[in-house]
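# Inside the fold
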Amino acid sequence: MKILVKSTLKILLRMKSFWFFLLLTPILSTVLLNMKQSSLAYYVYEDSYKITDLSSFDEKLAYYAGNGQYVVKVYDFCESELSEYYLTKLSASGMFRICRVKMSEQEETVRNMEAVEAEIELEGFKDRKGASLVIPREFDSLVAGGDIEKAARLYIQSDDTRTEIFKYEMALQLQKIGNAAGELSALKSADSQVPKREVIRFSVEKGHELTHDQIDKRTRMGYALAIMTMGFVFGGVFISHIAIGEQKDSVLKRIRLSNTQLSSYFVSKLLASFLVSVLITGVMAVCSFFIDMEGLGMNRIEFLGLIFLMGLIFSSLSLMMGILFGDVMSANVAAFTLWSLSSMLSGLYFPLTYTTNTLKILSKLMPQTWFMDGTEMIFTGDKTVLIMLLCVTVAYLVLIISLGSLGLKVKKVDEWGNA
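Just so you know, these numbers come straight off a predicted model, no measurement behind them.

What follows concerns the packing of aromatic side chains. Considering all chains together, one arrives at 11 aromatic pairs under this definition. Aromatic side chains Phe-274 and Phe-308 sit 5.7 Å apart centroid to centroid with 80 degrees between the ring planes, which places their arrangement in the edge-to-face category. Separated by 34 residues along the polypeptide, Phe-274 in helix H10 (residues 262-287) and Phe-308 in helix H12 (residues 300-325) bring together distant segments of the chain. Over the aromatic face of Trp-370 sits the side chain of Lys-364, whose NZ or CZ is 5.6 Å from the ring centroid.

Written as structure tokens, this is what we have:
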């Protein structure tokens, strides 16, 4: 057994393609995990009853309409308590997603109407939103003086029928503020007489409550797991290439003549796939010293443990698939298909929150889905994450080995590899 494992590893380490995946995937994952991008939280459901503040003047809004709201981009030149009140009332209906750009926080070159109008015209072709709204610096004095027509400037950028509802709500709230002569205390006093609304969300899905920062981390972790999955999948399939070559070159016959059981031969390949997972995780361990682990939201041991357990599943699965196909080209195609479909269906690239129930069921069959759940559990401090991931790993390995053994019996192992 030991000799079989050593010979497999020697052949594997001579493959340039194996070294490519062994080094590239951890390095690329490190780059993705160090990516500093806050807009990844687009993919989460945000409370539509609150104003969403944008970080930049030209930030795109396409993903903010993920659950069907009418999206309005607001360029707020005033930034007063009264304009804050006005935008809060607009967003309070729940039908509109108010995304605000605070103009005082932007570069001086864009703090003028000419730049805003140019951006609005440009975004009409490159973004998806219902309308843009400009709040001028004189907002407070205009509404206090009753000149509500000039207090806000609306640019319609879609043919959405809800535009008329938004225009009505705009006029209604401006009229209300005008009637109070812009007195914020009077407006709040009137609002206090209105019955309080309690919003209760019902969901059939159980998830972890994550902050925006944790959602950004989770998304980056998803990208990194997708890249690492590729490394483990092709690491396993390269071992299957060795096994296929040994069978076709009659090496397997000579091994069996030495009284080595065929089951021992396949176990040695599984042990080799285990060592491949150790190697790739080891390279990732070296790369992890270049990652801000505190910024990642987990410690180094948790991170590497999660990577290693996922690697065991995929290296074993791709090995078994390659052996069952019995052909190098078919094994490569199967490995690529396994990597791309599993990463996509598990939601590593984009969330599956608003997809069909069929896709959600398929997602639960993908190993990465459980490891992303484990990532969320680590973020929220759930101490049962280790037990969950160990159980998932053991369950997948038992399933892979059982189905692989059955497949070899159906295929007739004596004829394996002659396809």
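Where nonpolar side chains cluster on the molecular surface, the patch consists of Leu-13, Trp-19, Phe-20, Leu-23, Leu-24, Ile-27, Leu-28, Val-31 and Leu-279 and spans about 770 Å² of accessible area. Looking at which element gives the most residues to the nonpolar patch, the answer is helix H2 (residues 16-33), with 7 residues. With respect to the secondary-structure elements, Trp-19 resides in helix H2.

Right, let's get into the pairing of strand E4 (residues 131-135). The element E4 is extensively covered by neighbouring structure, given that 5 of its 5 residues are classed as buried. Because side chains alternate across E4, one face comprises the buried residues Ala-131, Leu-133 and Ile-135, and the other comprises Ser-132 and Val-134, equally buried. Note that E4 and strand E5 (residues 153-156) share 4 bridges and pair antiparallel. When the bridges of E5 are listed, Val-134 appears paired with Arg-153.

Here we come to a positive patch on the surface. On the surface, a cluster of positive charge is made up of Lys-2, Lys-6, Lys-10 and Arg-14. Inspection of the secondary structure assignment puts Lys-10 in helix H1 (residues 2-13).

The rules behind these values
- Residues numbered from 1 in each chain as written.
- Predicted model: local features only at pLDDT ≥ 70, side-chain atom pairs only at ≥ 80, totals over all residues.
- Heavy atoms only, no water.
- Phe/Tyr/Trp six-rings, centres within 6.5 Å; stacked < 30°, edge-to-face > 60°.
- Helix = DSSP H or I, 4+ residues; strand = E, 2+ residues; numbered from the N terminus.
- Lys NZ or Arg CZ within 6 Å of the ring centre and 35° of its normal.
- Patch = residues over 30% accessible without salt bridge, like charges linked within 9 Å, V, L, I, M, F, W, Y side chains within 5 Å.
- Areas by Shrake-Rupley, 256 points an atom, 1.4 Å probe, with all protein chains shown as cover.
- Salt bridge = Lys/Arg side-chain N within 4 Å of Asp/Glu carboxyl O.
- Buried < 20%, exposed > 50% of the residue type's maximum accessible area, 1.4 Å probe, protein only.
- Pairing = 2+ DSSP bridges.
- Lys, Arg positive; Asp, Glu negative; His and termini not counted.
- Charge placed at Lys NZ, Arg CZ, Asp CG, Glu CD.

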